[in-house]
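Each chain is listed here by its residues.
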Amino acid sequence: MQLVWTPCANKARTAAIAYIAQDNPSAALGQLDEIERQADMLLQHPEMGRPGRVKGTRELVVSRTPFIVIYRIKPKAKRIELFRFLHGSQKWPPDEG
């Protein structure tokens, strides 16, 4: 299995960490380490996230952070695709229309 961050999710993660780093660089690094550590655990336990609110997705609530990673398990491609990175206060899924 391979863990793949999409450009959209990676950009959102980078922006969130940069925002935290403006006030507290040490906290930002701690948050980033926690996000990466827990996301990497998906390689061994791909279904550890809760069932997603969008069909075919799962949601990893990153402990000790305010973040959620939305992902899909792609068994044929042998990869886990992390395609959205959200702050817990953000609306998900977005409104249709």
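Residues numbered from 1 in each chain as written. Predicted model: local features only at pLDDT ≥ 70, side-chain atom pairs only at ≥ 80, totals over all residues. Heavy atoms only, no water.

### Some thoughts on helix 1 (residues 7-23)
Note the threshold: The way it works is that DSSP assigns letters per residue, a run of H or I at least four long becomes a helix, a run of E at least two long becomes a strand, and they are numbered from the N terminus. In this analysis, the expected span of each helix is defined as 1.5 Å times one less than the number of residues it contains. Exposure categories follow from relative accessible area, calculated using a 1.4 Å probe and restricted to protein chains: below 20% of the type maximum is buried, above 50% is exposed, and the middle band is partly exposed. To be clear, the arc concerns the directions from the helix axis to the C-beta atoms. We call two residues contacting when some pair of their heavy atoms lies within 4.5 Å.
Helix length check: helix 1, at 17 residues, gives a terminal C-alpha distance of 25 Å against a target of 24 Å (1.5 Å per residue), a fit within 8%. All buried positions along helix 1 are accounted for by Ala-9, Arg-13, Ala-16 and Ile-17. Seen along its axis, helix 1 keeps its buried residues to an arc of 95°; they face one direction. Of the exposed residues in helix 1, the ones pointing more than 90 degrees away from its buried face are Pro-7, Lys-11, Tyr-19 and Gln-22. As for helix 1, its buried residues are in contact with strand 1 (2-5), helix 2 (25-41), strand 4 (67-74) and strand 5 (79-87).

### Some words on the pairing of strand 5
What counts, and what does not: Strand pairing is assigned whenever DSSP detects at least two bridges linking the two strands.
Relative to strand 5, strand 1 runs parallel, the two sharing four bridges. From the neighbouring strand, Gln-2 faces strand 5, where its bridge partner is Arg-79. In this sheet, strand 5 lies alongside strand 4 in antiparallel orientation, the contact comprising eight bridges. Bridge pairing links Tyr-71 to Leu-82 in strand 5. Between strand 4 and strand 5, which follow one another and run antiparallel, lie four residues, and Lys-78 among them has a positive phi close to 55°.

### As for helix 2
Across its 17 residues, helix 2 extends 25 Å between first and last C-alpha, which sits within 8% of the 24 Å expected from 1.5 Å per residue. Among the residues of helix 2, those classed as buried are Ala-28, Gln-31, Glu-34, Ile-35, Gln-38 and Ala-39. End-on view of helix 2: buried residues confined to an arc of 130°, all on one side of the axis. Of the exposed residues in helix 2, those oriented more than 90 degrees away from the buried face are Pro-25, Ser-26 and Leu-29.

### Side note on the side chain of Thr-57
Operational definition: For this analysis, a polar contact is any N or O atom pair within 3.5 Å, provided that within protein one partner can donate a hydrogen and the other can accept it, and provided that sequence-adjacent residues contribute only side-chain to side-chain pairs.
Tracing the backbone through its elements, the reader meets Thr-57 in the loop between strand 2 (50-51) and strand 3 (58-61). Of the residues examined, Thr-57 reaches a relative accessible area of 8% and is grouped as buried. A polar contact is formed between the side chain of Thr-57 and the backbone oxygen of Val-54, at a distance of 2.6 Å. Not counting residues within four places of it along the chain, the set of residues in contact with Thr-57 comprises Pro-51, Gly-52, Ile-70, Tyr-71, Arg-72 and Phe-83.

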